[in-house]
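Okay, here's what each chain looks like letter by letter:
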Amino acid sequence: ASDIWLTTASYNIAGWASNNVGEVTGVFFSTNGTLWSSTLGLTNWSTNLVLIDNSTNYFYVKASNEYGFVSGVMKQTNYVDTTAPYANITNTVNLSTIAGNYIYAGSNYDSFASVTGFWYRTNGSTWIVSAVANPWSIVIDTTTIANGELDFDILTSNIAGLTRTVRITNYVSNIAPTLAITNP
């Protein structure tokens, strides 16, 4: 069986067993090399597991027949991650005023599953793919955006498929000062 990323620690694993001659008399499983236990069912079997979060869990299964023969052991590696990657914007304060070429910066990481995707957007536009980096920085030319409220979003994903979105709202002010001569 292949390696699997799971995003919940409680999981049902199922499969099948068959025998060319005679009957399957038992299907047994072990988690992380601990005790062997019987599954529910024989030719179509399943078992409910509670796995260890943010870790690698190994699932082993084997079958026996009425003649005492035991199949080879199948192993499936389960990576369990129930926490979305961490993402933040570190260099600006929510509701602050920005202008010109403004650099947003921050970090994104995951303590177990590697970060595999990073995107950003302004004012709900289409997501723009960016390089996955920690720390990250993105330059936004605010002169191309209307003065007023600007929503800046980042989206980070990890190999398990979990995502986190972070938003900060700033005010764009690219208004040139006014000038007057008042004397003479």
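The structure presented is a predicted model; accordingly, all values stated were derived computationally and were not measured.

Turning next to the overall build of the protein chain. Each helix and strand counted, the protein chain has zero helices and 15 strands in total. Computed over the C-alpha atoms, the radius of gyration of the protein chain is 27 Å, more than 25% above the 16 Å expected from 2.2 N^0.38 for a compact globule of 184 residues. Here the C-alpha coordinates of the protein chain stretch approximately 115 × 25 × 20 Å along the principal axes. Of the contacts formed within the protein chain by residues at least 6 apart in sequence, a portion of 65% connects residues at least 24 apart. Distance between charge centroids for the protein chain: 3 Å, based on 5 positive and 10 negative side chains.

Among the structural elements, N65 can be located in strand 6 (residues 55-65). Owing to a relative accessible area of 10%, N65 belongs among the buried residues under this scheme. From its side chain, N65 meets the backbone nitrogen of Y67 in a polar contact 3.0 Å long. Setting aside its immediate chain neighbours within four residues, N65 contacts N19, V21, E23, V24 and T25.

Quick look at the nonpolar core now. The biggest cluster of nonpolar side chains holds 17 residues, and the ones touching the most others in it are I89, Y104, W136, I138, I140, F152 and I154. Those elements that place two or more of their residues in this core are strand 8 (86-89), strand 10 (101-109), strand 11 (115-122), strand 13 (136-141), strand 14 (148-158) and strand 15 (163-172). Apart from the residues within four sequence positions on either side, I140 is in contact with G100, N101, Y102, Y104, Y120, T122, I145 and F152. Within the second largest apolar cluster, 14 residues are counted, among which are F59, V61, A63 and V80.

Thresholds, definitions, all that
Residue positions within a chain follow its written sequence, with the count starting from 1. Residue-level local features of this predicted model are given only where pLDDT is at least 70; pairs of side-chain atoms are given and counted only at 80 or more, and the full residue set underlies all totals for whole chains, interfaces and linings. Excluded from the side-chain calculation are hydrogens and water; included are all heavy atoms of the structure. What counts as a helix is a DSSP run of H or I of at least four residues, what counts as a strand is a run of E of at least two, and both are numbered from the N terminus. Note on method: radius of gyration uses C-alpha positions; expected globular size equals 2.2 Å times residues raised to 0.38. Any pair of residues with heavy atoms lying within 4.5 Å of one another is described as a contacting pair. Residues scored as positive are Lys and Arg, those scored as negative are Asp and Glu, and His as well as the terminal groups of each chain are ignored. One atom stands in for each charge, and that atom is NZ of Lys, CZ of Arg, CG of Asp or CD of Glu. Relative accessibility thresholds used throughout: buried, under 20% of the residue-type maximum; exposed, over 50%; partly exposed, between the two (1.4 Å probe, protein chains only). Each polar contact in these results corresponds to two N or O atoms within 3.5 Å; when the atoms are within protein, one needs to be able to donate a hydrogen and the other to accept it, and residues that are neighboring in sequence are counted only if both atoms are side-chain atoms. As used here, the term nonpolar core means buried Ala, Val, Leu, Ile, Met, Phe, Trp, Tyr and Cys residues forming a set that is joined through side-chain atoms within 4.5 Å.

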